[in-house]
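As a plain string of letters, each chain reads:
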Amino acid sequence: MDLNIKTNEKNHLEIGGVDAVEIAKEFGTPTYVIDEDRIRDNYKRFYSAFSKYYPDFKVFYACKANTNIAVLKILEEEGSCIDAVSPGEVYISKKLGFTGNRILFTGNNIKDSELKEVSDAGVILNIDSVSALKRLAKLINPENVKISFRVNPMVGAGHHDHCITGGVMSKFGIMDSEAVEVYKLAKELGFNPVGMHSHIGSGILDPEPFKLAIESTMDIAGKVHKEAGIEFEFLDFGGGIGIPYTPDEKLLDLDKFAEENMKLFKAKLKEYDMAEPTLYLEPGRYLVGDAAVLLTEVNSIKQSYRKFIGIDAGFNTLLRPAMYDSYHHMVIANKMDEEDVEEVDVAGNVCESGDLFARDRPLPKVEEGDILAILNAGAYSFTMASNYNTRPLPKEVLISNKKAIVVRKEQSYDDIFQKQTMPEHLK
Ligand code: LLP
């Protein structure tokens, strides 16, 4: 099994060398627990796999996956750059020490004030539409900004329809057929476009679509190089590499993946007679997905028409199962040695029928008070949490050098309501 699960001598789940049951006792539940070493290991593995075959390589962490400031700082220390999709992500990355050229902004449907804000921040702008290009030209001096374009490579893949970002149904990128004209237009408007970007989707464990996307993006880049006279400083193939969520799924063989894709990439550079640009990739899930666990407590067990294991988190805490029907593996942190004996439904505490973490999930004999750990909760987990049902956002704890440190306090009720104001006539 390729899932990141460790058990200690007490038969408890262990996270970064610390007993998960002890963490739950000390900090309460629900709590996200992040393993610093795992993030560092994931980064190093990813960076070395590609730089081995193509040394002029930079990782742009897609920080939408997890914006805890400790996580961002760990990746900053490792040497990562940032893929940001909103002015807020640019703001926090700059504040934590990522300089402008270490941040690539890939917005979509961006309004003028935001375009201005991110270009003033000095980051690289990855433009998603002709509309944004024309509006940007009126807002700033085109000479002062480094730009690239996101193209639709007409290849899409992903673990769910919502997570496929290439192809005719996708809202992202400019069309392949318009690419040459768009780069020419950018030059006419006074810009110096230096990059091209594509991203096909998220949660992909099959290497094939990535190869197809590199091929098609390189064909577009080659054409733009020849016909619009663009010398690319960088080419960016986005993120999307999946991680195993189920016990049957296998980790991608990253070394083989990098070797094959870099071979293809270099062959295409040669085919189109292009100088070697810097390669950018934008992993999100791969770097942080398996580096956190959501610890919850079993509050109530109900035998209705089905057996429900009720926990103290809901889709307000972790949305992926409700939103994408995503599988998240679960273990009983205090019963790691026990065999699965029954199939149960694991339900959250939100007042909606869709608030389920699993149906018919094989688990050991579960009792109230058990600590149920939801794995692979490092990516798109806290960042997609909400205050629905007026429940506070939970705590986050970082495990560093076998010590548990609170890196986000739980919200208070007042935190939830603090930005609301009572109109005079209702006071
Ligand atoms: N680059 C761009 C332009 C992206 O849009 C994304 C993800 C990434 C990189 C990183 O993709 P990753 O390596 O993490 O797969 N909420 C969904 C995932 C949405 C991903 C959105 N874009 C989920 O929970 O599965």
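Coordinates for the structure precede this section.
First, a word on scope: everything that follows refers to the structure included in this document. (Residues numbered from 1 in each chain as written. Predicted model: local features only at pLDDT ≥ 70, side-chain atom pairs only at ≥ 80, totals over all residues. Heavy atoms only, no water.)

**A look at the overall build of the chain**
Link 1 in the chain: When helices and strands are tallied, the chain shows 12 helices and 20 strands.
Link 2 in the chain: Over its C-alpha atoms the chain spans a radius of gyration of 23 Å, differing by no more than 12% from the 22 Å that the globule rule assigns to 427 residues.
Link 3 in the chain: Here the C-alpha coordinates of the chain stretch approximately 65 × 65 × 40 Å along the principal axes.
Link 4 in the chain: The buried share of the chain, reckoned over its 427 residues, is 56%.
Link 5 in the chain: For the chain, the share of sequence-separated contacts (at least 6 apart) that also reach a separation of at least 24 residues comes to 69%.
Link 6 in the chain: Counting 50 positive and 67 negative side-chain charges, the chain places the averaged centre of each group 4 Å from the other. (Helix = DSSP H or I, 4+ residues; strand = E, 2+ residues; numbered from the N terminus. Rg over C-alpha atoms; globule rule 2.2 N^0.38 Å. Buried < 20%, exposed > 50% of the residue type's maximum accessible area, 1.4 Å probe, protein only. Contact = heavy atoms within 4.5 Å. Lys, Arg positive; Asp, Glu negative; His and termini not counted. Charge placed at Lys NZ, Arg CZ, Asp CG, Glu CD.)

**A look at the site of the ligand**
Link 1 in the chain: As a matter of local geometry, the ligand sits amid 20 residues, with His159, Ser202, Glu282, Arg320 and Tyr380 nearest to it.
Link 2 in the chain: A distance of 2.5 Å separates an oxygen atom of the ligand from a polar side-chain atom of Ser202.
Link 3 in the chain: A distance of 2.8 Å separates an oxygen atom of the ligand from a polar atom in the backbone of Arg285.
Link 4 in the chain: Starting from 590 Å² of accessible surface for the ligand in isolation, the protein chains cover 92%.
Link 5 in the chain: Taken domain by domain, the shell around the ligand gets at least three of its residues from each of domain 1 (6–35 + 289–417) and domain 2 (36–287). (Near = heavy atom within 4 Å. Polar contact = N/O pair within 3.5 Å; in protein donor to acceptor, adjacent residues only side chain to side chain. Areas by Shrake-Rupley, 256 points an atom, 1.4 Å probe, with all protein chains shown as cover. Domains from an automatic or database assignment.)

**With respect to a nonpolar patch on the surface**
Link 1 in the chain: On the surface, a nonpolar cluster with roughly 400 Å² of combined accessible area is contributed by Met154, Val168 and Met169.
Link 2 in the chain: One can find Met154 in the loop between β9 (146–150) and α7 (179–188).
Link 3 in the chain: With a relative accessible area of 43%, Met154 lands in the partly exposed category. (Patch = residues over 30% accessible without salt bridge, like charges linked within 9 Å, V, L, I, M, F, W, Y side chains within 5 Å. Salt bridge = Lys/Arg side-chain N within 4 Å of Asp/Glu carboxyl O.)

**Some remarks on the nonpolar core**
Link 1 in the chain: If you look at the biggest cluster of nonpolar residues, it comprises 89 residues, and the most contacted ones within it are Phe46, Phe50, Tyr61, Ile147, Val224 and Leu235.
Link 2 in the chain: A domain split of this core shows at least three residues from each of domain 1 (6–35 + 289–417) and domain 2 (36–287).
Link 3 in the chain: With 21 residues, the next largest nonpolar core counts Leu372, Ala377, Phe382 and Leu393 among its residues. (Core = buried A, V, L, I, M, F, W, Y, C linked by side-chain atoms within 4.5 Å.)

**With respect to the environment of Leu139**
Link 1 in the chain: By the secondary structure assignment, Leu139 is in helix α6 (residues 130–139).
Link 2 in the chain: Here Leu139 falls in the partly exposed class, since its relative accessible area comes to 27%.
Link 3 in the chain: In this structure the C-alpha to C-alpha distance between Leu139 and Leu125, which are 14 residues apart in sequence, comes to 14 Å.
Link 4 in the chain: Those residues in contact with Leu139 that lie beyond four places of it in its chain are Asp112, Leu115 and Lys116.

**Thoughts on the pattern of salt bridges**
Link 1 in the chain: On inspection of all chains with the given rule, the structure shows 26 salt bridges.
Link 2 in the chain: One salt bridge connects Lys268 with Asp219, and the closest N-O pair in it is separated by 2.9 Å. On the criterion of sequence distance, the pair formed by Lys268 in helix α9 (residues 254–271) and Asp219 in helix α8 (residues 208–228) is long-range, its members being 49 residues apart.
Link 3 in the chain: Under the relative-accessibility criterion, Asp219 is labelled partly exposed at 30%.
Link 4 in the chain: Between Glu271 and Lys268 there is a salt bridge; the shortest N-O distance is 3.3 Å. Taken together, the residues span about one helical turn, with Glu271 and Lys268 both in helix α9 at a distance of three residues.
Link 5 in the chain: A single salt-bridge network, built from bridges that share partners, covers Glu36, Arg40, Lys44, Glu77 and Glu78.

Remember that the coordinates give geometry; whether it matters functionally is a separate question.
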